[in-house]
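These are the residues of each chain, in order.
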Amino acid sequence: METIYKYALVILLLVVLFNLGQALYFMMTDKEGSKRTVWALTRRIGLSVLLILMVILGIWMGWLHPHGVGQAL
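Residues numbered from 1 in each chain as written. Predicted model: local features only at pLDDT ≥ 70, side-chain atom pairs only at ≥ 80, totals over all residues. Heavy atoms only, no water.

A. Examining the overall build of the protein more closely. A count of helical and extended segments in the protein gives two helices and zero strands. By the compact-globule yardstick of 11 Å for 73 residues, the protein is too spread out, its C-alpha radius of gyration being 16 Å. Seen through its principal axes, the protein has C-alpha atoms that stretch 55 × 30 × 15 Å. Sorting the 73 residues of the protein into buried and exposed places 21% on the buried side. For the protein, contacts bridging at least 24 residues in sequence account for 66% of all contacts bridging at least 6. Element-wise, carbon and sulfur atoms account for 73% of the exposed surface of the protein, whose accessible area totals about 6000 Å². (Helix = DSSP H or I, 4+ residues; strand = E, 2+ residues; numbered from the N terminus. Rg over C-alpha atoms; globule rule 2.2 N^0.38 Å. Buried < 20%, exposed > 50% of the residue type's maximum accessible area, 1.4 Å probe, protein only. Contact = heavy atoms within 4.5 Å. Areas by Shrake-Rupley, 256 points an atom, 1.4 Å probe, with all protein chains shown as cover.)

B. Geometry of the packing of aromatic side chains. The full count for this structure, using the stated rule, is two aromatic pairs. Plain terms: the ring middles of Y25 and F26 are 6.0 Å apart, the flat faces sit at 55° to each other, and that makes the pair tilted. (Phe/Tyr/Trp six-rings, centres within 6.5 Å; stacked < 30°, edge-to-face > 60°.)

C. Representation of the nonpolar core in the model. In this structure, Y5, L9, L12, L51, M54, W63 and L64 together form the largest nonpolar core, which totals seven residues. Broken down by secondary-structure element, the contributors of at least two residues to this core are α1 (2-29) and α2 (36-61). For this core, the element with the highest residue contribution is α1, accounting for three residues. (Core = buried A, V, L, I, M, F, W, Y, C linked by side-chain atoms within 4.5 Å.)

D. Quick peek at the packing of α1 against α2. Remark: α1 packs on α2, axes separated minimally by 8 Å, with the N-to-C direction vectors making an angle of 160°. The orientation of α1 relative to α2 falls into the category roughly antiparallel. Where α1 crosses over α2, the two elements pack in a sense that is left-handed. (Axes fitted to C-alpha atoms, helices over the stretch in contact; angles between N-to-C directions. Parallel < 35°, antiparallel > 145°, perpendicular 65-115°, else oblique. Left-handed = near helix turned anticlockwise from the far one by under 90°.)

Any link to function would need more than the numbers given here.
Quick look at the structure:
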């Protein structure tokens, strides 16, 4: 289950990055009045919130383990 969950997180992160790139493309090519940029950014925000919630759930369930960089020995 842990491996599948980690793959799902990576895929979701790639989808978020794709939506960000899509919004940039729409912003540069669309004429005024088009809402495609707004919708792409809205999807990105929603997917980013979902990604954060999935990371929190994964840590809570024990599927993900924070590495503790910066903690004193």
